[in-house]
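Below are the chains, spelled out letter by letter.
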Amino acid sequence: MPAVRAAGQARAGGATGMRLDAAEALEGDGAAAVSMAAPAKYMLGVDVGSTVIRCHVYDKVAAIKGVSAKQVEVLHPQPGWVELDPERLWTQFVDVVKEAVQAAGIKMNQISALGIATHRATFLTWNKQTGKPFHNFISWQDRRAAELVKSWNRSFLMKAVHGVSSLLHFFTRVELFLMASTLTFTTQHTPLRLAWVLQHIPEVEQAIEDDNCCFGTVDTWLLYKLTKGAVYATDYSSASSTAFFDPFKLQWSVVLGKLFSIPIKIFPPVKDTSHMFGLVDAEIFGEPIPVTALVADQQAAMFGECCFNPGDLKVTMGTGSFWDINTGSKVHVSRTGLYPLVGWKIGKDLTYLAEGNASDTGNAIKWAQDLDLFTNAEETSRMAYSLVNSGGVCFVPSFSGLQIPVNDPCACTSFMGITSSTTKNHLVRAMLESISFRNKQLYETIAREVNVPTTYVRYVLCDVVQGFL
């Protein structure tokens with residue numbers, strides 16, 4: 001569990017205050033037999049975000065001893081496409097770990113465990129025999145399947161699924177049927193992006209037929225590479241974030257597999273969040289470091305911010321805005337699009353979350369910076385406060401469509417209300433206000449729909465959204 005904390009704290013910005021006992025990290029995880037030439041006193045927490053990879057080295061009282069970060073190289077081969085080079089991501093991961101350990105002034109044989117938090121629903125398929133990817137990572141921000149999503153959501157088949165599920169729920173009161181009755185796909189969900197891959201990359205379809213295809217999110221790929229192909233797995237938090245996982249049965253959804261003609265056998269085994277996943281191959285870092293935690297990034301932030309009780313709420317504003325509320329041992333079934341997630345599973349402790357998100361927060365600010373509306377993000381607060389209001393200018397932050405409660409994957413980013421007197425300051429204020437409005441929508445949706453009183457609120461803000469917001 002301490003490795004989960006390390007990964008969670010790396011995701012939550014290095015928050016301290018929780019004891020990380022290296023011995024506890026190994027106890028019960030099957031790693032006690034790992035021989036160390038020096039006392040193992042430190043832990044690694046690596047956060048692989050959408051735009052930045054960070055590694056923190058923690059001692060046993062959670063003090064940060066070393067840090068390293070690298071910008072993720074994001075590819076845009078076509079309009080609306082967002083990809084990551086899997087081999088380049090792997091190289092950057094190895095580099096930040098080595099640099100953080102060096103910055104801490106310690107040796108690799110002093111590392112007791114490694115915990116990894118990764119951004120979610122970005123996926124890859126690769127050749128089971130050779131380990132070679134069939135394509136780049138397709139990001140959760142990618143919109144290539146937007147038309148496919150729209151077509152499916154409007155299809156007669158989906159209408160039939162909604163109708164039959166509503167009827168079954170009426171007679172049985174089984175919440176799984178209620179969830180199916182309101183099922184709506186978005187481009188952030190994995191199924192239709194994976195369906196797009198099968199339609200457009202024949203090698204993947206053939207590999208599936210030959211039982212030679214592996215599917216993995218970022219955590220699965222990194223674990224596979226760290227162990228040189230010896231371990232193929234994910235955890236419950238990442239699996240539940242793909243929208244291809246049944247949170248009630250805690251298994252890959254057989255129904256969705258049949259619906260999209262995607263065999264469940266291509267998906268990795270799902271393990272506890274705190275689990276002895278395996279040992280890093282000694283050739284990579286010079287030591288066989290135990291990998292004892294994999295966790296999805298927003299769930300990691302929840303854990304790192306100690307949101308352990310029902311009603312605890314975490315707000316993260318980074319690349320996007322993510323509102324997560326702890327719903328305890330109960331799966332929340334939404335009628336507006338709040339997504340049910342597994343927060344973490346550690347032994348018998350199973351915690352669920354309900355999540356609403358807006359995809360475009362920090363990346364909208366970065367886009368405006370790239371257009372030279374300002375030089376650095378710190379200027380935005382001063383520019384916004386120099387005006388009483390935005391002068392009638394409105395901004396719609398929807399580079400990846402609009403999520404709940406709007407649920408429009410094809411919504412376009414736009415400025416409205418621009419006049420001849422509009423200045424850069426008006427545009428910047430309109431952008432910051434739009435982010436505030438979207439977050440207000442998310443809060444109101446959660447407050448209206450989730451029947452769990454909010455007891456505790458924690459905020460995790462990246463640099464680009466601090467100040468005015």
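Up top you'll find the structure we're talking about.
Residues numbered from 1 in each chain as written. Predicted model: local features only at pLDDT ≥ 70, side-chain atom pairs only at ≥ 80, totals over all residues. Heavy atoms only, no water.

What follows concerns the pairing of strand E15 (residues 290–296). The buried fraction of E15 amounts to seven of the seven residues, a majority that puts the element mostly inside the structure. Pairing analysis gives three bridges linking strand E14 (residues 274–279) to E15, with the strands arranged antiparallel. Paired with Ser 274 across the strands is Ala 293, a residue of E15. (Buried < 20%, exposed > 50% of the residue type's maximum accessible area, 1.4 Å probe, protein only. Helix = DSSP H or I, 4+ residues; strand = E, 2+ residues; numbered from the N terminus. Pairing = 2+ DSSP bridges.)

Once that is clear, we can look at the packing of aromatic side chains. Under the criterion given, the structure shown has 24 aromatic pairs. Each ring, one from Trp 126 and one from Trp 221, has its centre 5.1 Å from the other, and the planes form 65°; the classification is edge-to-face. Here Trp 126, found in strand E7 (residues 123–127), pairs with Trp 221, found in helix H9 (residues 218–226); they are 95 residues apart in sequence, far enough to count as distant. Of the two residues, Trp 126 and Trp 221, neither departs from the other in class, the shared state being buried. By way of ring pairs, the aromatic residues Phe 123, Phe 215, Tyr 236, Phe 244, Phe 245, Trp 252 and Phe 267 are connected into one cluster. Across the ring face of Trp 81, the terminal group of Arg 144 is positioned such that the distance to the ring centre comes to 3.8 Å. The aromatic ring of Trp 196 is capped on one face by Arg 144, whose charged end is 4.8 Å from the ring centroid. (Phe/Tyr/Trp six-rings, centres within 6.5 Å; stacked < 30°, edge-to-face > 60°. Lys NZ or Arg CZ within 6 Å of the ring centre and 35° of its normal.)

So, on to helix H3 (residues 86–104). Along an α-helix, a turn takes 3.6 residues, which lines up residues three or four apart on a common side. With 19 residues, H3 should reach 27 Å at 1.5 Å per residue; the first-to-last C-alpha distance of 27 Å fits that figure. Looking at H3, one finds that the buried residues are Pro 86, Leu 89, Trp 90, Gln 92, Phe 93, Val 94, Val 96, Val 97, Ala 100, Val 101 and Ala 104. A distance of 3.0 Å separates the backbone nitrogen of Glu 87 from a side-chain oxygen at the start of H3, and that oxygen is part of Asp 85. (Expected span 1.5 Å × (residues − 1). Polar contact = N/O pair within 3.5 Å; in protein donor to acceptor, adjacent residues only side chain to side chain.)

Evaluation of the coordinates by the stated rule reveals 20 salt bridges. We note a salt bridge from Asp 297 to Arg 120, for which the minimum N-O separation is 3.4 Å. Here Asp 297, found in helix H13 (residues 297–304), pairs with Arg 120, found in the loop between strand E6 (111–118) and E7; they are 177 residues apart in sequence, far enough to count as distant. Residue classification places Asp 297 among the buried positions, given a relative accessible area of 5%. Overall, the relative accessible area of 10% leaves Arg 120 in the buried class. In this structure, Glu 147 engages Lys 150 in a salt bridge whose closest nitrogen and oxygen atoms are separated by 3.9 Å. Taken as a pair, Glu 147 and Lys 150 lie in helix H4 (residues 146–153) at a separation of three residues, close to a single helical turn. Overall, the relative accessible area of 27% leaves Lys 150 in the partly exposed class. Because the salt bridges share partners, they merge into one network encompassing Glu 83, Asp 142 and Arg 144. (Salt bridge = Lys/Arg side-chain N within 4 Å of Asp/Glu carboxyl O.)

Moving on, we get to unusual backbone geometry. The linkage connecting Ile 404 with the following residue, Pro 405, adopts the cis geometry, with an omega of 0°. Phi at Asp 211 takes a positive value of approximately 55°, unusual for a residue other than glycine. Residue Asp 211 is classed as partly exposed on the basis of its relative accessible area, which comes to 41%.

In this section: the nonpolar core. With 42 residues, the main nonpolar core has Phe 93, Val 97, Leu 114, Leu 226, Phe 285 and Val 291 as its most contacted residues. Counting residues per element, the ones that place at least two in this core are strand E1 (42–48), strand E2 (52–58), H3, E6, E7, H9, helix H12 (282–285) and E15. If you tally residues by element for this core, the top one is H3, at nine residues. (Core = buried A, V, L, I, M, F, W, Y, C linked by side-chain atoms within 4.5 Å.)

This part covers the sheet that holds E15. Consider a sheet: its strands pair through backbone hydrogen bonds, and that pairing is either parallel or antiparallel. Strands sit in the order E3-E2-E1-E6-E15-E14 across an open sheet of six strands; the sheet is mixed. At either margin of the open sheet sits one strand with a lone partner, and together these are strand E3 (64–71) and E14. Averaged over all pairs of adjacent strands, the angle between their axes in this sheet comes to 20°, without regard to strand direction. Inspection of the sheet shows E6 paired to E15 by five bridges, in the parallel sense. Across the sheet, Ile 116 pairs through a bridge with Leu 294, a residue of E15. With respect to the sheet, H3 is in contact with E1, E2, E3 and E6, its orientation differing from that of E3 by roughly 150°. Contacts between H9 and the sheet are confined to E1, E6, E14 and E15, with E6 contributing the most and set at about 145° to the helix. (Axes fitted to C-alpha atoms, helices over the stretch in contact; angles between N-to-C directions. Contact = heavy atoms within 4.5 Å.)

By the secondary structure assignment, Pro 453 is in the loop between helix H16 (424–449) and strand E22 (456–461). Residues Pro 453 and Val 315, spaced 138 residues apart in sequence, show a C-alpha to C-alpha distance of 16 Å. Not counting residues up to four positions away in its chain, the partners in contact with Pro 453 are Pro 310 and Gly 311.

Here the focus is the pairing of strand E18 (residues 339–346). Among the eight residues that make up E18, seven are buried, leaving the element largely enclosed by the rest of the structure. Note that E18 and strand E19 (residues 349–358) share seven bridges and pair antiparallel. For Leu 341, the partnering residue across the bridge sits in E19 and is Leu 353. Connecting E18 to the antiparallel partner E19 that follows it, the hairpin turn spans two residues, and Gly 347 within it adopts a positive phi of roughly 65°.

Function-wise, these values are silent; they only describe arrangement.
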